[in-house]
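Close look at the chain arrangement
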Amino acid sequence: MLKEFRKLETSWTYLVTGGAGFIGFHLSKRLLETGCRVIGFDNLNDYYDVVLKKNRLNILESYEGYTFVKGDLADSEAVNNLFRKYHPEIVANLGAQAGVRYSIENPNVYIQSNIVGFFNILEACRNNKIHHLVYASSSSVYGANTKVPFSTVDPVDHPVSLYAATKKSNELMAYTYSHLYGIPATGLRFFTVYGPFGRPDMAYYSFTRKIIAGEPIKIFNNGDMYRDFTYIDDIVEGIVRLLSNPPMPDKNSTPYKIYNIGNNKPIKLMEFIKALELCIGKEAKKEYLPMQPGDVYQTYADVSDLINDFGFKPDTLVQDGLRKFVEWYLQDIDV
């Protein structure tokens, strides 16, 4: 573990981009409950139902320490004004255009949000001397790697989707800015995050909706796929432990680090569906389809660095995480 593990600094201001998003909402809520001041930034786009994003915001805005600013990461003036007005010490850049398959249909959106937008964040961090930039990368950067578990020292030079390529680009851009300007930066490769208030475009969410409605669910590669499903609370716990603990300089005097945050226990898609069926109390109608462009066969996180540096690893069982999701879904969604 770290020799001097610094607890969350509640006197600082935390900027959370993608603040109305799935992970951004949960992180913001956790920070607010700890007594931190949080600035949320989001463009509230319609990639999925904006009502869900507004419902998340309604919860966050009930906290005294929360301020929401609507704006687009690709708008450099809006980003610069945000930093000048609120002077964040910590930046959690979770704002991005998500989705592997959608990146094949609408590539331009990914370049604007994930490349131009991330560049604007890096420039703002450089000009405002922040204490730590933590940003979302993705397990998708591992592409079709066959060596498992996926380690942060593995080559990630063969992405199989534009989304993955933008996330790999973010890692390279962040390292460069960290090296040139001394910005402490930590990239987090998230592995298949799920849980309450999740994204409707994710498989587990659409599976739940369709199973309840009696509609068939689409199962790609005939169900022969493995995913390292990671519950949202574990993701947030990992982020929170990192925020006040920027990385030490590497051999090139660059304060930069990448971590995997995953459950370290991949589950076959069919087993995941079976667990979901048990939580819902209803068997799914199934439509089996071939592998889709951009998909990968398996994800599997090596989290040894997370354990060694922070004494933490995700450990929520899929059965428990899905039960909490289904309970939320049945309570909050009009089914």
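As a starting point, this report considers the structure included with it. (Residues numbered from 1 in each chain as written. Predicted model: local features only at pLDDT ≥ 70, side-chain atom pairs only at ≥ 80, totals over all residues. Heavy atoms only, no water.)

Quick notes on the packing of aromatic side chains
Two descriptors summarise a pair of aromatic rings, namely the distance from one centre to the other and the angle between the planes of the rings. If you walk through the whole model with that rule in mind, you get 27 aromatic pairs. Residues Phe 197 and Trp 328 carry aromatic rings whose centres are separated by 5.0 Å and whose planes lie at 40 degrees to one another, so their mutual orientation is tilted. Note that Phe 197 is positioned in the loop between β7 (193-194) and α7 (203-213) and Trp 328 in helix α11 (residues 318-332), a separation of 131 residues in sequence. By relative accessible area, which is 8% here, Trp 328 ends up buried. Relative to Phe 325, the ring of Tyr 204 has its centre 4.8 Å away and its plane inclined at 75 degrees; by these criteria the two rings are edge-to-face. One end of the pair, Tyr 204, is in helix α7; the other, Phe 325, is in helix α11, and 121 residues separate them in sequence. A residue is classified by how much of its surface remains accessible, and Phe 325, at 0% relative accessible area, is buried. (Phe/Tyr/Trp six-rings, centres within 6.5 Å; stacked < 30°, edge-to-face > 60°. Helix = DSSP H or I, 4+ residues; strand = E, 2+ residues; numbered from the N terminus. Buried < 20%, exposed > 50% of the residue type's maximum accessible area, 1.4 Å probe, protein only.)

Brief notes about the pattern of salt bridges
Under the criterion given, the structure shown has 13 salt bridges. The closest approach of N and O atoms between Asp 320 and Arg 323, which form a salt bridge, is 4.0 Å. With a gap of 3 residues between them, Asp 320 and Arg 323 both fall in helix α11, about one helical turn apart. (Salt bridge = Lys/Arg side-chain N within 4 Å of Asp/Glu carboxyl O.)

So, the packing of helix α3 (residues 76-86) against helix α5 (residues 107-128)
Interaxial distance between α3 and α5 falls to 10 Å at its minimum, and their mutual angle equals 35 degrees. Between α3 and α5 the crossing geometry is right-handed. Judged by residue contacts, Ser 76, Val 79, Asn 80, Phe 83 and Arg 84 of α3 engage Asn 120, Ile 121, Ala 124, Cys 125 and Asn 128 from α5. Within the contact of α3 with α5, the residues separate by chemical class into 5 nonpolar, 4 polar and 1 charged. (Axes fitted to C-alpha atoms, helices over the stretch in contact; angles between N-to-C directions. Left-handed = near helix turned anticlockwise from the far one by under 90°. Contact = heavy atoms within 4.5 Å. Nonpolar A, V, L, I, M, F, W, Y, C, P; charged D, E, K, R; others polar.)

A word on the pairing of strand β3 (residues 66-70)
Bridge count for strand β2 (residues 37-42) against β3 is 5 bridges, and the pairing is parallel. By the bridge assignment for β3, Gly 40 is matched with Phe 68. (Pairing = 2+ DSSP bridges.)

Regarding the packing of helix α1 (residues 22-33) against helix α2 (residues 50-60)
Where α1 meets α2, the axes come as close as 10 Å, and the angle between the chain directions of the two elements is 5 degrees. In terms of orientation, α1 and α2 fall into the roughly parallel class. In this structure, α1 contributes Phe 22, Phe 25, Ser 28, Lys 29 and Leu 32 to the contact, and α2 contributes Arg 56, Ile 59 and Leu 60. Here the residues of the contact of α1 with α2 are counted per class, giving 5 nonpolar, 1 polar and 2 charged. (Parallel < 35°, antiparallel > 145°, perpendicular 65-115°, else oblique.)

Points about the side chain of Gln 97
Mapped onto the secondary structure, Gln 97 falls in the loop between β4 (90-93) and α4 (100-105). You can call Gln 97 buried: its relative accessible area is 4%.

Digging into the sheet that holds strand β1 (residues 13-17)
On the basis of which strands lie adjacent, the open sheet formed by 7 strands has the order β3-β2-β1-β4-β5-β6-β11 and parallel pairing. Two strands in the sheet have a free side with no partner beyond their single neighbour: β3 and β11 (256-261). Taking the axes of each pair of neighbouring strands and ignoring which way they run, one obtains an average angle of 20 degrees across the sheet. Sheet strands touched by α1: β1, β2, β3, β4 and β6 (185-190). Its angle to β1, the strand with the most contacts, is close to 165 degrees. α3 contacts β1, β2, β3 and β4 of the sheet and is inclined by roughly 170 degrees relative to β2.

Structural notes on the nonpolar core
Within soluble globular proteins, side chains that are nonpolar tend to cluster in buried spots. Counting residues in hydrophobic clusters, the biggest one holds 71 residues, and the most contacted among them are Ile 23, Leu 27, Leu 31, Phe 190 and Leu 243. Of the residues forming this core, the biggest block, 7 residues, is contributed by helix α8 (residues 232-243). Filtering out sequence-adjacent residues up to four positions away, Leu 243 remains in contact with Leu 8, Tyr 14, Leu 27, Leu 31, Ile 90, His 132 and Val 134. By size, the runner-up hydrophobic cluster in this structure holds 25 residues, among which are Leu 73, Val 79, Phe 118 and Ile 130. (Core = buried A, V, L, I, M, F, W, Y, C linked by side-chain atoms within 4.5 Å.)

Considering helix α6 (residues 162-181)
An ideal rise of 1.5 Å per residue puts 28 Å on 20 residues; α6 measures up with 28 Å between its terminal C-alpha atoms. Those residues of α6 that sit buried are Tyr 163, Ala 164, Thr 166, Lys 167, Lys 168, Asn 170, Glu 171, Met 173, Ala 174, Tyr 177 and Ser 178. Where α6 is buried, its residues contact α4, α5, β5 (132-138), β6 and β11. (Expected span 1.5 Å × (residues − 1).)

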